[in-house]
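Architecture and fold: a report
One-letter residues, chain by chain:
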Amino acid sequence: MKFFSRVTALIFVSVLSLQTAAQEAAEDTPKKDGLDYIGINGLLIDHRSIGSSQTAKNWATSITMGTYITDYVKVETRFGKGLTDDDVKGVATLEVNWWASWFMGLHYPLAEWSSIYGQLGMSYVDGDASAIEGTALSDLDDDFLSSKFSMSWIAGLDFNVTEGWYVTAEAGRLHRGTASDINMMHYGLGLKYEF
């Protein structure tokens, strides 16, 4: 009988310990519900699959505005502007003028000072291409961004540097041409303020 009472007492103490640990972990999880944020990003846009396997790169910047609708879900809008253009091995020049994006996604805290997130959305991208006549990409003007709307995605990390301020690192796809199959991937670093 003593054996069963000891086992029961041990189970009871274990359950209480686990419950206390779960409550402490929940208290340590950063609360995001209802917070808004604004950010600025520096981006490298990588145009992939141009022609057979050529690429081009543009530098760009964007402003982000968003809100957390729960501790784990956020929505945001981004407005971006291309800063440079790039030649594709002397046969074409690609330039991203501006874009607007809307995203919704999951946000998961790794620690009190860091989180990961993944977002899915859509973007409207305005860009220009000028191909040199008689080259393999001379039809690029018709195909590049033939549809200005596209599905987009982002995966990222943020790191808290001081109260309300975060450094972000992201990668994702901004646009995919439906006719040209050119993927516009973007990689960026940014600064975000939550309030």
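See above for the structure.
Below you will find a few notes about this structure. (Residues numbered from 1 in each chain as written. Predicted model: local features only at pLDDT ≥ 70, side-chain atom pairs only at ≥ 80, totals over all residues. Heavy atoms only, no water.)

**Things to note about the packing of aromatic side chains**
How we decide: For this analysis, a ring pair means two rings from Phe, Tyr or Trp (six-membered ring only for Trp) whose centres lie within 6.5 Å, classed as stacked if their planes differ by under 30 degrees, edge-to-face if by over 60, and tilted for the remaining angles. Only runs of H or I of at least four residues qualify as helices and only runs of E of at least two qualify as strands under DSSP, and these elements are numbered from the N terminus. Three exposure classes are used, based on accessible area relative to the maximum for each residue type with a 1.4 Å probe and protein chains only: buried under 20%, partly exposed in between, and exposed over 50%. For a ring to carry a charge above it, either NZ of a lysine or CZ of an arginine must fall within 6 Å of the ring centroid while also lying within 35 degrees of the normal to the ring plane.
Under the criterion given, the structure shown has seven aromatic pairs. Judged by centre distance (5.4 Å) and plane angle (35°), the rings of Trp-98 and Tyr-124 are tilted. Of the two residues, Trp-98 sits in strand β5 (residues 92-111) while Tyr-124 sits in strand β6 (residues 114-131), which places them 26 residues apart along the sequence. Its relative accessible area of 41% is what places Trp-98 among the partly exposed residues. Ring geometry for Tyr-124 and Phe-149: centres 5.1 Å apart, planes at 65°, overall edge-to-face. Here the residue Tyr-124 occupies a position in strand β6, and Phe-149 occupies one in strand β7 (residues 149-162), the gap between them amounting to 25 residues. On the basis of relative accessible area, Tyr-124 is assigned to the partly exposed category, the value being 27%. The rings of Trp-98, Tyr-124 and Phe-149 are connected pair by pair, giving a single aromatic cluster. In this arrangement the basic side chain of Lys-74 is found over the ring face of Tyr-117, its NZ or CZ atom lying 3.7 Å from the centre. Sitting above the plane of the Tyr-166 ring, Lys-192 keeps its charged end 5.2 Å from the centroid.

**Describing a negative patch on the surface**
Operational definition: Each patch is built from salt-bridge-free residues with over 30% relative accessible area, joining like charges within 9 Å and nonpolar side chains (Val, Leu, Ile, Met, Phe, Trp, Tyr) within 5 Å. Computed with a 1.4 Å probe, the accessible areas rest on the Shrake-Rupley method; for each residue, only the protein chains presented here act as cover. The term salt bridge refers to a side-chain nitrogen of Lys or Arg lying within 4 Å of a carboxyl oxygen of Asp or Glu. Note that His is not counted, nor are the chain ends; the positive residues are Lys and Arg, and the negative ones are Asp and Glu. Each charge is placed at NZ for Lys, CZ for Arg, CG for Asp and CD for Glu.
Taken together, the side chains of Asp-85, Asp-87, Glu-95 and Asp-128 make up a negatively charged region of the molecular surface. As for its placement among the helices and strands, Glu-95 is situated in strand β5.

**Section: the nonpolar core**
Condition: To define a nonpolar core, start from buried Ala, Val, Leu, Ile, Met, Phe, Trp, Tyr and Cys residues and group those joined through side-chain atoms within 4.5 Å.
Membership of the largest hydrophobic core is limited to eight residues, which are Leu-43, Ile-45, Ala-60, Val-96, Trp-99, Val-125, Leu-174 and Met-184. When residues of this core are traced back to their parent elements, those giving at least two are β1 (36-50) and β5. Counting seven residues, the second largest nonpolar core, distinct from the first, contains Ala-92, Leu-94, Ala-129 and Ala-131.

**Thoughts on the environment of Ala-155**
Note the cut-off: We call two residues contacting when some pair of their heavy atoms lies within 4.5 Å.
On the secondary structure map, Ala-155 appears in strand β7. Expressed as a C-alpha distance, the spacing of Ala-155 and Tyr-187, which sit 32 residues apart in the sequence, is 9.8 Å. Filtering out sequence-adjacent residues up to four positions away, Ala-155 remains in contact with Tyr-117, Gly-118, Ala-169, Glu-170 and Ala-171.

**Focus on the pattern of salt bridges**
Two side chains of opposite charge can pair, provided their charged atoms sit close to one another. With the rule as written, the count across this model stands at seven salt bridges. In this structure, Lys-32 and Glu-194 form a salt bridge, with 2.8 Å as the shortest nitrogen-oxygen distance. Placement of the pair is Lys-32 in the loop between α1 (2-28) and β1 and Glu-194 in strand β9 (residues 183-194), with a sequence separation of 162 residues. Neither Lys-32 nor Glu-194 differs from the other in exposure class; each is buried. A salt bridge links Asp-126 to Lys-148, with the shortest nitrogen-to-oxygen separation between them at 2.9 Å. Note that Asp-126 is positioned in strand β6 and Lys-148 in the loop between α2 (140-143) and β7, a separation of 22 residues in sequence. Within this structure, Lys-32, Asp-158, Lys-192 and Glu-194 form a network of salt bridges that share partners.

Function cannot be read off these values alone, since they describe shape.
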